[in-house]
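So the chains spell out like this:
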Amino acid sequence: MKLTILGCHSASPRYNSNPTAQVLEVRGHLFLIDCGEGTQVQLRRFKVKFSRIRHIFISHLHGDHFFGLVGLISTFRLLGREAELHVYGPKGIKEAITIQLKLGKSWTNYSLIFHELGGKEAELIYQDDKVTVHTIPLRHRVYCNGFLFREKLGDRKLNIDAALKRNVSMSYYSKIKQGFDVENEDGVLISNNELSLDPDIPKSYAFCSDTAYQPEIIDQIKNTSLLYHESTFLSEHEELAEKTKHSTAKQAAEIAKKAEVGTLLLGHYSGRYGNHEVFKKEAEQIFSNVELAADGMSIEF
Ligand SMILES: [Zn+2]
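In this report, we go over the structure that sits alongside the text. Per chain, the residues get numbers from 1 upward, laid out in the order the sequence is written. The model is predicted, so local features are restricted to residues of pLDDT at least 70 and side-chain atom pairs to those at 80 or more, both for listing and for counting; the totals for chains, interfaces and linings are taken over all residues. Only hydrogens and water are set aside when side-chain values are computed; all heavy atoms of the structure are taken into account.

**Description of the environment of Lys257**
1) Next: Runs of H or I in DSSP of at least four residues are treated as helices and runs of E of at least two as strands, each being numbered from the N terminus. In this structure, Lys257 sits in helix H9 (residues 249-259).
2) Next: Expressed as a C-alpha distance, the spacing of Lys257 and Leu79, which sit 178 residues apart in the sequence, is 44 Å.
3) Next: A contact between two residues is defined here by any heavy atoms of the two lying within 4.5 Å. Non-local contacts of Lys257, meaning those with residues more than four positions away in its chain, are made with Ile286 and Phe287.

Right under this line is the structure:
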């Protein structure tokens, strides 16, 4: 998986601090997660081939998470897009987007398909033979979901050296990857264990923004490879965090520790703090593997 941060700040966009948007590359997909104002500019700036985006996941209807969506949809139209575009987001997102397209007489010439969400429990909202996407119910001032992206366990890997050594015909290679024992050219049955290797361990990514401290998500995101968790505030503003239904860096680290994730990525910083290192320092007192999101950064995992 490869995650590129297009924006990781809260509230209003500013020069060099963009609101939330990320792209996740996984098994041939390019998923867009949230779409704050200016996302299409960031996509161009960081040279993301955004015509490849087929699925957009919107956590909630606060402006810093979706005000870039109508602009991006409109640009796709101007670029002559033909491929379907699926948008997953809270109930009301279809109306919020379509009224603007309607009043501007700017209907898309491609299929725009909305999947409106209203469930309070985690639900499977997308899957194919390689990946699944579930909602992660969060606790915010408006209805809000995070998203959990998981690779499915792939086929076994061909041990080409073993296959050549044991004189197995190439025509059996796909059977070997599927886990079958096969006969070699001399008619001897060879066990699959001798000809194949374990598949890669499936990776997973949990996106959790925006939310108050919500330990209920821990079971669902247990052992996730990478967790992006908002940390709008530091502990000194814990009361403000609870009031605005956001989290502190310490609370994000508590979630990461209890969920035993691989890496914690912090973001959605309030503009009141000058230096983001203070978020990292606070989180590292609880959980050791902490990274700070920054606009334009990519992480492969
Ligand atoms: Zn919000």
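**Quick word on the packing of aromatic side chains**
Aromatic ring pairs are described here by two measures, namely the spacing of the ring centres and the angle between the planes.
1) Next: Only Phe, Tyr and Trp rings take part, Trp by its six-membered ring, and two of them pair if their centres are within 6.5 Å. Stacked means planes under 30 degrees apart, edge-to-face means over 60, and tilted covers everything else. Per the counting criterion, the structure on display carries 14 aromatic pairs.
2) Next: Relative to Phe279, the ring of Tyr269 has its centre 5.0 Å away and its plane inclined at 50 degrees; by these criteria the two rings are tilted. With Tyr269 in the loop between strand S16 (263-267) and helix H10 (277-284) and Phe279 in helix H10, the pair connects residues that are ten residues apart, well separated along the chain.
3) Next: Note on classification: 1.4 Å probe, protein chains only; a residue is buried when its accessible area is under 20% of the maximum for its type, exposed when over 50%, partly exposed between these limits. Phe279 gets classed as buried once you look at its relative accessible area, which sits at 0%.
4) Next: Here a set of aromatic residues connected by ring pairs shows up, and it is made of Phe31, Phe57, Tyr88, Tyr126, Phe147, Phe149, Tyr205 and Phe301.
5) Next: It is Arg81 that lies over the ring of Phe76; its NZ or CZ is 4.4 Å from the centre.
6) Next: The criterion for a charge sitting over a ring is simple: Lys NZ or Arg CZ within 6 Å of the ring centre, and within 35 degrees of the ring normal. Arg81 extends its terminal NZ or CZ atom over the ring of Tyr110, reaching a point 5.4 Å from the ring centre.

**Quick look at the packing of H9 against H10**
1) Next: Interaxial angle, 0 to 180 degrees, is taken between N-to-C directions of lines fitted to C-alpha atoms, where a helix line uses only the stretch in contact. Put simply, H9 and H10 touch, their axes get as near as 8 Å, and they point 45 degrees apart. One element, H9, and the other, H10, form an angle in the oblique class. Crossing handedness for the pair H9 and H10: right-handed. When H9 is examined against H10, the residues Ala249, Lys250 and Ala253 are found in contact with a partner set consisting of Phe279, Glu282 and Ala283.
2) Next: When its residues are assigned to classes, the contact of H9 with H10 shows four nonpolar, no polar and two charged. Just so you know how the angles are binned, under 35 degrees is roughly parallel, over 145 roughly antiparallel, 65 to 115 roughly perpendicular, and the rest oblique. Each crossing gets its hand from how the near helix is turned against the far one by less than a right angle, where anticlockwise is left-handed and clockwise is right-handed. Side-chain classes are defined by residue name, with Ala, Val, Leu, Ile, Met, Phe, Trp, Tyr, Cys and Pro counting as nonpolar, Asp, Glu, Lys and Arg as charged, and the others, Gly among them, as polar.

**Points about the coordination of the zinc ion**
1) Next: Water is not among the atoms examined, so metal sites may look incomplete; donors are the N, O and S atoms within 2.8 Å of the metal, or within 3.2 Å for Na, K and Ca. Those protein atoms acting as donors to the zinc ion are His60 (NE2), His62 (ND1), His140 (NE2) and Asp210 (OD), and they sit at 2.2 to 2.4 Å.
2) Next: Of note is the zinc ion, whose four donor atoms meet at the metal with angles of 88 to 174 degrees in an arrangement that counts as irregular.
3) Next: Within one chain, the residues donating to the zinc ion are spaced in sequence as H-x1-H-x77-H-x69-D. A residue pair is termed long-range when its members are at least 10 positions apart, and His60 in the loop between strand S4 (55-57) and helix H2 (63-66) and His140 in the loop between strand S8 (131-137) and strand S9 (145-151) qualify at 80 residues. Only four donors with every angle between 85 and 135 degrees are called tetrahedral; only four or six donors with opposite donors over 155 degrees apart and all others between 65 and 115 are called square planar or octahedral, in that order; all others are irregular.

**A look at the pattern of salt bridges**
1) Next: Here, a salt bridge means any side-chain nitrogen of Lys or Arg that lies within 4 Å of a carboxyl oxygen of Asp or Glu. This structure, assessed with the given rule, holds eight salt bridges.
2) Next: For the salt bridge of Glu260 with Lys222, the shortest nitrogen-to-oxygen distance reads 3.4 Å. Of this pair, Glu260 sits in the loop between H9 and S16 while Lys222 sits in the loop between strand S14 (204-208) and strand S15 (226-230), and the two are 38 residues apart along the sequence.
3) Next: Given a relative accessible area of 47%, Glu260 falls into the partly exposed group.
4) Next: According to the relative accessible area criterion, Lys222 is partly exposed, its value standing at 35%.

**Concerning the environment of Lys157**
1) Next: With respect to the helices, strands and loops of the structure, Lys157 is situated in strand S10 (residues 157-158).
2) Next: It is 30 Å that separates the C-alpha atoms of Lys157 and Tyr228, two residues lying 71 residues apart in sequence.
3) Next: In contact with Lys157, not counting residues within four places along its chain, are Leu195, Ser196, Leu197, Asp198, Pro199 and Asp200.

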